[in-house]
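Working through the structure, step by step
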2 protein chains.
Amino acid sequence: MNVASGRRGTYKPGRIRDRNLESIIYAAEKEFVKNGFRGTTIQTIADRAGLPKSNVHYYFGSKEKLYLAVLNDIMTIWNEQLGLIDDNDDPAVALDRFIQEKIRLSFAYPDASKLFAMEIISGAPYLRPFLQVELRKFASSRAKIIQKWIDKGLMRNVDPMQLIFLIWSSTQHYADFDVQVLSLMKKQKYSDHMIRDISRGVRDMILTGCGLSLPS
Amino acid sequence: MNVASGRRGTYKPGRIRDRNLESIIYAAEKEFVKNGFRGTTIQTIADRAGLPKSNVHYYFGSKEKLYLAVLNDIMTIWNEQLGLIDDNDDPAVALDRFIQEKIRLSFAYPDASKLFAMEIISGAPYLRPFLQVELRKFASSRAKIIQKWIDKGLMRNVDPMQLIFLIWSSTQHYADFDVQVLSLMKKQKYSDHMIRDISRGVRDMILTGCGLSLPS
DNA sequence: GTCTATATCCGGATAGAC
DNA sequence: GTCTATCCGGATATAGAC
């Protein structure tokens, strides 16, 4: 016993802790997507993470704090792509880059996209401040850029906010509704080939809808 | 007491029952959207419906049966609009009608749309059979019609399934993510004017994306 | 047909052993 | 730092009074 407790000292402090934190967050994300905040039990999260239930309380204090930690993780991923449009760019190039990046994130982190969607659909009880501050700032600055392109006659006269919503909805759809999409396509999972097809299709449809085409 | 129980006989049999069934389903839909299936308690449903808890059990037997009844109600609404494309129509006219009807339903029954979305996002534990049978049949028949239009050179060469997904996602977005959309537009609720704008915008964007325009 | 009372179980959270 | 044992509130469901 002395030996065992002594060995703990030989581990880099924080190693186990970091590993546990990460596996709990990962497990929590999956469970919250499946059952929602209230419907998820700490026991199933702990089971999925391979830890005893009280470890989760030890690391995160409460279910609500854990949920917020998961959302925070997701918002971090999200924020990585917030700086992607520049109004000096050609609109077709800039929109293409934005759409491709959004699709890449959707396929790379489908559970993040799903949990965000569920939170908004169920009334955004935890993300309302984020919507009203960061997201509003982001959306209105991008809308202004799009409006400038329209004013310069570089693209069709569309409502900029509607264009943003269209990009968001059409790209997220493949992550959030993957069960439906895959079922209708009679596939088990997305292949690289499908992802490329989808990527191209969404991009072409939206650019064409804006009266744009990529410079070749 | 005899008088009271006697009066019951003067009510049309089924009247109270029908009213109660309806208000329970209505209340359940709202609660399931807010908290998911597991996170919803029968007590809150009963409170919202203005009935004692055991009445819910009396009418529906179990929480799961109630959930299925709600989903069934939603699928009925959904099926009302399943027959809306005809391949003899002009594609612009037919797609316009389909999009308008989808948007109308989204704004008329936002909770139905939301609950459907949550069910799919969380893995479609109850609607998987529906996806694999009815919805697959519907989608592939519509895809065939779109493909015929393309073959006849009536519209741009797009992936028909992708077009269907684009219509679904862009129209549902305004119902499912209403909290986000309204927050970004700094509005409390959708006005008739906004709905018309959105309707036109989505329609124009998708038709233009398909290389179509409505006959004037 | 309707509601009150209750049985049974399970969840989140904590205290305290190790 | 980690896990076992436990408290307590609240959930579904039912039995039975009215």
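Residues numbered from 1 in each chain as written. Chains lettered and ligands numbered in written order. Predicted model: local features only at pLDDT ≥ 70, side-chain atom pairs only at ≥ 80, totals over all residues. Heavy atoms only, no water.

1. Structural notes on the environment of S199(A)
Residue and element names in this part refer to chain A. Relative to the assigned elements, S199 resides in helix 11 (residues 192-209). On a C-alpha basis, the gap between S199 and Q180 in space is 18 Å, while along the polypeptide they are 19 residues apart. Sequence-distant contacts of S199, that is, excluding residues within four places in its chain, are made with Q100 and I103. (Helix = DSSP H or I, 4+ residues; strand = E, 2+ residues; numbered from the N terminus. Contact = heavy atoms within 4.5 Å.)

2. Some points on the environment of D176(A)
Note on placement: D176(A) falls in helix 9 (residues 160-176). Look past the residues within four positions of D176(A) in its chain and what remains in contact with it is S113(A), K114(A), A117(A), I120(B) and I121(B). At 2.6 Å, the side chain of D176(A) forms a polar contact with the side chain of S113(A). At 3.5 Å, the side chain of D176(A) forms a polar contact with the backbone nitrogen of K114(A). (Polar contact = N/O pair within 3.5 Å; in protein donor to acceptor, adjacent residues only side chain to side chain.)

3. As for the relation of the copies chain A and chain B
Mapping chain A onto chain B is achieved by rotating through 180° and translating by 0.0 Å along the same axis, at an RMSD of 0.0 Å. In symmetry terms, the pair is related by a two-fold rotation axis. Here 100% of the contact residues of chain A are again contact residues in chain B; the copies associate through an equivalent surface. (Least-squares fit on C-alpha atoms with pLDDT ≥ 70 in both.)

4. Quick word on the nonpolar core
With 149 residues, the main nonpolar core has L163(A), W168(A), L163(B) and W168(B) as its most contacted residues. Beyond its immediate stretch of four places on either side in the chain, W168(A) contacts W78(A), F98(A), K102(A), L135(A), F138(A), A139(A), Q180(B) and L184(B). (Core = buried A, V, L, I, M, F, W, Y, C linked by side-chain atoms within 4.5 Å. Buried < 20%, exposed > 50% of the residue type's maximum accessible area, 1.4 Å probe, protein only.)

5. A closer look at the side chain of S169(A)
With respect to the element layout, S169(A) can be found in helix 9. Note on S169(A): relative accessible area 6%, which makes it buried. Of note is the side chain of S169(A), whose polar atom sits 3.2 Å from the backbone oxygen of L166(A). The residues touching S169(A), leaving out its near neighbours within four places in the chain, are S169(B), S170(B) and H173(B).

6. Brief notes about the pattern of salt bridges
All names here are of chain A. Enumeration according to the criterion identifies 18 salt bridges over all chains in this entry. Of the charged contacts in the structure, one is a salt bridge between K34 and E31, with a shortest N-O distance of 3.9 Å. In this pair, K34 and E31 are both assigned in helix 2 (residues 15-39), three residues apart and thus about one turn of the helix distant. With relative accessibility at 6%, the residue E31 sits in the buried group. One network of salt bridges, in which partners are shared, links E31, K34 and R48. (Salt bridge = Lys/Arg side-chain N within 4 Å of Asp/Glu carboxyl O.)

7. As for the confidence of the model for chain A
Taken over all residues, the pLDDT of chain A has a mean of 91, while the share at 70 or more is 92%. For the stretch residues 1-11 of chain A, pLDDT sits under 50, and the model shows one contact to residues farther than four places along the chain or on other chains. (pLDDT = per-residue confidence, 0-100.)

8. Looking at the protein's contact with DNA strand D
Of all residues adjacent to DNA strand D, which total 15 residues, the nearest are S54(A), N55(A), Y59(A), K53(B) and K63(B). Among all atoms of DNA strand D positioned within 4 Å of the protein, those belonging to sugar or phosphate total 61%. The side chain of H57(B) places a nitrogen or oxygen atom 3.3 Å from a phosphate oxygen of DNA strand D. Elements with a contribution of two residues or more to the surface near DNA strand D: helix 2 and helix 4 (53-60) of chain A together with helix 4 (53-60) of chain B. Ranked by the residues each element gives to the surface near DNA strand D, the list is headed by helix 4 of chain A, at four residues. Its residues assigned to classes, the surface near DNA strand D shows five nonpolar, seven polar and three charged. (Near = heavy atom within 4 Å. Nonpolar A, V, L, I, M, F, W, Y, C, P; charged D, E, K, R; others polar.)

9. Side note on the environment of S62(A)
Along the chain, S62(A) turns up in the loop between helix 4 and helix 5 (63-79). Look at S62(A) and you get partly exposed, because its relative accessible area is 27%.

10. A short note on the interface of chain A and chain B
Interfaces are often sized by the amount of accessible area the parts lose when they come together. With 51 residues of chain A in contact, the opposing surface of chain B contributes 51 residues. Note on chain A versus chain B: buried area summed over both sides is about 4,600 Å², and carbon and sulfur give 69% of it. Its largest share of buried area at the contact with chain B, chain A owes to I121(A), L184(A) and M205(A), together 17% of the area lost on that side. Counting across the interface, chain A meets chain B through zero salt bridges. At the boundary of chain A with chain B, the tally comes to four residue pairs in polar contact (both at pLDDT 80 or more). Mapped by element, the contributors of at least two residues to the side of chain A that touches chain B are helix 2, helix 7 (110-121), helix 8 (128-151), helix 9, helix 10 (178-184) and helix 11 of chain A. Broken down by element, the side of chain A that touches chain B gets its largest block of residues, twelve residues, from helix 9 of chain A. (Buried area = accessible area lost by both parts, 1.4 Å probe.)

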